[in-house]
Amino acid sequence: MHSGQGELARARLRGNPVSMMVIQIDGFDPLTASHGRAFGDQQLKRIAAMIQRDIRNFDLAGRLSASVIGVLMPELELAESAAAAERIRAAVEADRVTHNTVSMRITISIGLCAADPEHADLESAMAVAAACLHRAHQAGGNQVATPASPPPKGFVEGTV
């Protein structure tokens, strides 16, 4: 968090863009309930390794909570970071996992936003990315959502 705050401050001084990703395994709680906490932690580590492989060496990645990984991407516009997020999502989806002789596909959802000058600190940018993550889950998961993503169909139908 401290390194991320420093990167955000440096980007503001230089006028550079910064993107923030918040990533979560779809159905993490039911997955750990049915296959065990150790299996869930193993999947988080596997996905974290995939994320590290697909991001740049100066991007900052870390575990934000028991089931959420955050990635701060300095000097990356939202469109470029969306392409990176989609590559990560697709790589996780394509990688099959076997547990107790059962082959399964684990997917992730990603909330993504640009940390612009209106975000006073890293936490406010993370809150926007987390709201986008929630939108991705509400829309069925296994997708990348940004502030510009359309709301889930049920949300639109329920508001009229």
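Please refer to the structure placed before this passage.
The rules we used
- Residues numbered from 1 in each chain as written.
- Predicted model: local features only at pLDDT ≥ 70, side-chain atom pairs only at ≥ 80, totals over all residues.
- Heavy atoms only, no water.
- Axes fitted to C-alpha atoms, helices over the stretch in contact; angles between N-to-C directions.
- Helix = DSSP H or I, 4+ residues; strand = E, 2+ residues; numbered from the N terminus.
- Parallel < 35°, antiparallel > 145°, perpendicular 65-115°, else oblique.
- Left-handed = near helix turned anticlockwise from the far one by under 90°.
- Contact = heavy atoms within 4.5 Å.
- Nonpolar A, V, L, I, M, F, W, Y, C, P; charged D, E, K, R; others polar.
- Pairing = 2+ DSSP bridges.

### Observations regarding the packing of helix H3 (residues 37–54) against helix H4 (residues 78–94)
Here comes step 1: Where H3 meets H4, the closest approach of the two axes is 10 Å, and the angle between their N-to-C directions is 140°. The angle between the axes of H3 and H4 places the two elements in the oblique class. As H3 packs across H4, the resulting crossing turns out to be right-handed. For the pair formed by H3 and H4, the contact residues are Ile 47, Met 50, Ile 51 and Asp 54 on the first element and Arg 87, Ile 88, Ala 91 and Val 92 on the second.
Here comes step 2: Tallied by class, the residues present in the contact of H3 with H4 amount to six nonpolar, no polar and two charged.

### Quick word on the pairing of strand E2 (residues 60–63)
Here comes step 1: When E2 meets strand E3 (residues 68–74), the two strands line up antiparallel, connected through four bridges. The partner of Arg 63 across the bridge, within E3, is Ile 69.
Here comes step 2: The hairpin formed by E2 and E3 contains four residues between the paired strands.

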